[in-house]
Number of protein chains: 2
Amino acid sequence: MILEMIAAEQAIEQLIEDFTKSWNVHDAKSFASTFAEDADFTNVFGQKAHGRRAVENIHAAIFSTMFKESHLIAEEVVTRFMGEDLAAVDVRWCMSGARDRQGNPWPERNGLMNLVVRKEGRKWSILVMHNMDLPVITLN
Amino acid sequence: MILEMIAAEQAIEQLIEDFTKSWNVHDAKSFASTFAEDADFTNVFGQKAHGRRAVENIHAAIFSTMFKESHLIAEEVVTRFMGEDLAAVDVRWCMSGARDRQGNPWPERNGLMNLVVRKEGRKWSILVMHNMDLPVITLN
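Bear in mind that the values here come from a model prediction, so they are computed numbers and not experimental data.

A. Structural view of the overall build of chain A. Each helix and strand in chain A was counted, giving three helices and six strands. When its helices and strands are written in sequence order, chain A yields α-α-β-β-α-β-β-β-β. Scaling as 2.2 N^0.38, a compact globule of 140 residues should have a C-alpha radius of gyration of about 14 Å, and chain A matches this with 15 Å. Here the C-alpha coordinates of chain A stretch approximately 50 × 40 × 25 Å along the principal axes. Among the 140 residues that make up chain A, the fraction classed as buried is 47%. Expressed as a percentage of contacts within chain A between residues at least 6 apart in sequence, the contacts between residues at least 24 apart total 53%. In the structure as shown, chain A presents an accessible area of about 7,200 Å², 53% of it carried by carbon and sulfur atoms. The positive charge centre, built from 15 side chains, and the negative charge centre, built from 20, are 5 Å apart in chain A.

Below, the structure is given as structure tokens:
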């Protein structure tokens, strides 16, 4: 059981690596392949999309514009299992090279995405994703 | 099965109502009772707490200061089941009456919290919570 958990954790970390790698080559199809067919996606503005195809279409659009030269780094991945085939995953990330809609450089971003990932057969994929930019000023 | 889903959806809506009601009377113990014993909580600043007791302690502190006169409204609750005893829940909220650390009024806030809720026995509670303020400016 412990070995299975370790294997699952490694598979989830690989999933996050696939996610960032495909982001960084700006390949919407490859990026969307890390999502489940019936995934629910919510971006940092609270805008939603349902399904792998919608995730691909949205990212095809932004990978050719605002995020064409963006680079994403997953700084920390924390996994919490909820049964054998579901897990909640927090990913702290930073991004450089993004541009706003007017084409102006977007300052380096720090954010937190939270996922529910699901195992189907032998494959883990993203079932639910929410993303947020972290505010610069905190309570502490 | 459909009747069970309807009952579960109603129970989850009741959970969100309990959450907002206890927020609005600024009762940390009652608020924390909507969380599972082993809950993971992340606030809008990305700060984390583990366990119902930690959730209670954090909220006892902020309910007597910044959020003493705050009022929370859950504007929209969207539930997605992931099996019979787990669901992902999005809650769009707005808040008035909050103050910043300096005691100055915090303008009306609009946000999105996303939850994983779990059923244990007959009781649904919050297993994982992430919260965010929605940015005022969107891409659209």
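B. Structural context of the sheet that holds strand S4 (residues 86-96) of chain A. Residue and element names in this part refer to chain A. Reading across the sheet, the six strands line up as S2-S1-S6-S5-S4-S3 and stay open at both edges, with mixed pairing between neighbours. With partners counted over all chains shown, the strands left at the sheet margins are strand S2 (48-50) and strand S3 (71-81), one partner each. Sheet twist, expressed as the mean angle between neighbouring strand axes with direction ignored, is 20°. Taken together, the four bridges between strand S1 (residues 35-42) and strand S6 (residues 123-133) define a ladder with parallel strand orientation. In the sheet register, Phe 41 faces S6, and the bridge partner there is Met 129. Along the sheet face, helix H1 (residues 2-24) touches S1, S3, S4, strand S5 (109-120) and S6 and points at about 155° away from the line of S3. This element, helix H3 (residues 52-63), spans S1 and S2 of the sheet and lies at about 55° to S1.

Rules of the game
Residues numbered from 1 in each chain as written. Chains lettered and ligands numbered in written order. Predicted model: local features only at pLDDT ≥ 70, side-chain atom pairs only at ≥ 80, totals over all residues. Heavy atoms only, no water. Helix = DSSP H or I, 4+ residues; strand = E, 2+ residues; numbered from the N terminus. Rg over C-alpha atoms; globule rule 2.2 N^0.38 Å. Buried < 20%, exposed > 50% of the residue type's maximum accessible area, 1.4 Å probe, protein only. Contact = heavy atoms within 4.5 Å. Areas by Shrake-Rupley, 256 points an atom, 1.4 Å probe, with all protein chains shown as cover. Lys, Arg positive; Asp, Glu negative; His and termini not counted. Charge placed at Lys NZ, Arg CZ, Asp CG, Glu CD. Pairing = 2+ DSSP bridges. Axes fitted to C-alpha atoms, helices over the stretch in contact; angles between N-to-C directions.

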